[in-house]
Amino acid sequence: MRNLTKIGGAAAIAAALTLTACGNGGGSTGPETAKGQESGSDLSKLISVNEKPAADLEQGGKVTLPLGNIGPDFNGFSNNGNTADNSALQIPMNPVAMNSGGIGGCWKVDFLGKVTPNTDFCETVDSEVKDGKQTITIKVNDKATYNDGTPIDVKAFQNTWNILKSADAGYDIVSSGAYQFVESVEAGSSDKEVIVKTTQPVFPVDSLFFGLIHPAVNTPEIFNEGYNGDLHPEWMAGPFKLDQYDTAAKTVTLAPNEKWWGAKPVLANVTFRQLETSAQVAAFKNGEIDAVSTNTISLYKQVEGTKDADIRRGQRLFAGGMNMNAQRITDVAVRKAVFAAVDRPALRAVRFNGLNWEEPSSGSMMLLPFSEYYQDNYPVKETGADAAKKVLTDAGYAPNANGIMEKDGKPAAFKISNFGDDPTTLAVTQTLQKQLQAGGMDVGIDQRASADFGKVIGGREFDLSISGYTVGPDATDAVKQYYDSKTNENELGDAELDKKIADLAAIEDNAERNKAAMEVEKEHMAKYFSMGVAFNGPQISFVRTGLANYGPSLFQSLSQVPDWTTLGWEKK
């Protein structure tokens, strides 16, 4: 139940399944036919939220939603907390820091990816470039205040910059992003006017301050360890507040925040429950939760026919399936052999069996095929078992007595981590396992619970995982997170690529900048073979009839809630 999302400028890790949604359809043969869109197509086909104005909804009411894991690390800016489940949990009560693709800190994003200032926190953001340097002036909302009474002002911006500007200061950050180019953050006419100066122009401007860190989180110890098991509601600001975190019941309950200065939420109560996939199905059918992901045919069939349930379908903003840990699979030849051995159409046939979903093979971790900036960067043209064995043979490997390719007595051996108890997800893992075994590799399966996802992936306790990252409308942030040698989790890259990444951040033209980012990805993939796309996929969910403003929302919300203040129930 994890999705990739942009948390403080970084994409969050996502597993093979995610709590998502789908359009009208059904019947005994699975959902209605749909397909991934291509460049220039009508993206409204990928949005299904039962949109209603707040005035037409019942005031009050309760919504209960499932998550694959809750905690234990609630710091979304850190590697261990950088999951979409964590973002989905916190965005209603902490949009100043967290975001779910569509809102966070100074910015908000619409369905199609257009970014504008989020006036709840930043009323205006102005940028001026002069003599090769940039000055960004931010007018902070006078009412913006953390729950503990601390003003949201220049100190929060300075603290965010100080923590995120470098991976060398002891903070376990996901990525320094564009903060390395910030020269100073100072107060203007007041502490509510923030003047940001850079050493080089930074584009897009919204790559900065897509999330703010409370000034009290000001040491590596607090940042790295202080959120373990503790949500710290006093450091939040949003339309909802934490009501109760029940570690025994694995639930988090929210209530409207009386300190919130923005639009008041419709709902009186929001509850998140940590549930394994099979338990989510049972909970939805029993009326205990109000939405459930059915992104595999096994789940769809179990939920099909449930009373008082709508189906909502759209595009999943996900890219991945071949996420390797280069600290464990250290030989680049083995990683290249994985790329060669994988039969991506065969994996998609298993993954989307019965879902009536078609999509081409995607070749980018950073953009979906419908983006005008997309290009296919998949680094291997010859694929199959023989192609994989040739890669290994050329690197000095030879088959041992068991037929496993090995070099200097060391076999090409590793495990695939599989999360949760959905049979389709396991079938995809087993299919990948057989493909890699046919390519001469000794591959096992490490079966883990959904609740272990954040710990295993964030802690790099895996060899290969069928996971990936959520995809945004612009590749600028992702190219640094994935491919800069100083910031990517695999520590793969080189000075030449790092310079190209630094230089492209100064390109103002969107098309030119994204083209440069895609060329970096193409070169990095062909050198290092660390992450690849097996599939993107649909979002298909069953949603309780009458729930408004919930469903697949493209770039506005990766957790399917375009605006938490308008989520609610239609009047009966």
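This text goes with the structure placed above it.
What comes next concerns the included structure. Computed from a prediction, not measured in an experiment: that's the story for all the values here.

Further remarks concern the sheet that holds strand S5 (residues 62-67). In space, the 4 strands of this open sheet follow the order S5-S15-S14-S13, with mixed pairing throughout. Where the open sheet ends on each side, the last strands, each with one partner, are S5 and strand S13 (240-246). Across the sheet, the mean angle from the axis of one strand to that of its neighbour is 20°, orientation sign disregarded. In the sheet, S13 pairs with strand S14 (residues 251-256) via 6 bridges, with the strands oriented antiparallel. Note that in S14 the partner of Tyr-245 across the bridge is Val-252.

Mapped onto the fold, Thr-160 is located in helix H2 (residues 154-164). Since its relative accessible area comes to 0%, Thr-160 is described here as buried. At 2.8 Å, the side chain of Thr-160 and the backbone nitrogen of Ile-213 are in polar contact. When neighbours within four sequence positions are excluded, Thr-160 is seen to be in contact with Tyr-179, Phe-209, Gly-211, Leu-212 and Ile-213.

With that out of the way, let us pick up helix H6 (residues 332-341). Counting buried positions along H6 gives 8 out of 10 residues, so the element sits mostly inside the fold. When H6 is considered as a whole, its buried residues turn out to be Ala-333, Val-334, Arg-335, Ala-337, Val-338, Phe-339, Ala-340 and Ala-341.

According to the stated counting rule, one finds 19 aromatic pairs in the structure shown. Here Tyr-227 and Trp-235 contribute two aromatic rings whose centre-to-centre distance is 5.8 Å and whose plane-to-plane angle is 65°, an arrangement assigned as edge-to-face. What makes Trp-235 buried here is its relative accessible area of 13%. Residues Phe-339 and Phe-529 carry aromatic rings whose centres are separated by 5.5 Å and whose planes lie at 75° to one another, so their mutual orientation is edge-to-face.

Within the open sheet, the 4 strands sit side by side as S9-S10-S12-S11. Their pairing is antiparallel. Of all strands in the sheet, those with a lone pairing partner are strand S9 (122-130) and strand S11 (182-187), marking the two edges. Between one strand and the next, the sheet's axes are offset by a mean angle of 15°, whatever the strand orientation. Both strand S10 (residues 133-140) and strand S12 (residues 193-198) contribute to a ladder of 5 bridges, which runs antiparallel. In the strand pairing of S12, Lys-139 is matched with Glu-193. In this fold H2 packs onto S9, S10, S11 and S12, with an angle of close to 160° to the strand it touches most, S11.

Analysis parameters
Residue numbers restart at each chain and count upward from 1, following the sequence in its written direction. The model is predicted, so local features are restricted to residues of pLDDT at least 70 and side-chain atom pairs to those at 80 or more, both for listing and for counting; the totals for chains, interfaces and linings are taken over all residues. With hydrogens and water stripped out, all remaining heavy atoms of the structure feed into the side-chain values. Paired strands are those between which DSSP finds at least two bridges. Think of it this way: any DSSP run of H or I at least four residues long counts as a helix, any run of E at least two long counts as a strand, and we number them from the N terminus. Here the axes come from fitting lines to C-alpha atoms, over the contacting stretch only for helices, and the angles between their N-to-C directions go from 0 to 180 degrees. Per-residue accessibility, obtained with a 1.4 Å probe over protein chains only, is compared with the maximum for each type, and a residue is labelled buried under 20%, exposed over 50%, and partly exposed between these values. Side-chain atoms alone can form a polar contact between residues adjacent in sequence; in general such a contact is a pair of N or O atoms within 3.5 Å, and within protein one must be able to donate a hydrogen while the other accepts it. Contacts are assigned to residue pairs that have any heavy atoms within 4.5 Å of one another. A pair of Phe, Tyr and Trp rings is counted when the ring centres sit within 6.5 Å of each other, with Trp represented by its six-membered ring. The angle between the planes then sorts it: under 30 degrees is stacked, over 60 is edge-to-face, the rest tilted.

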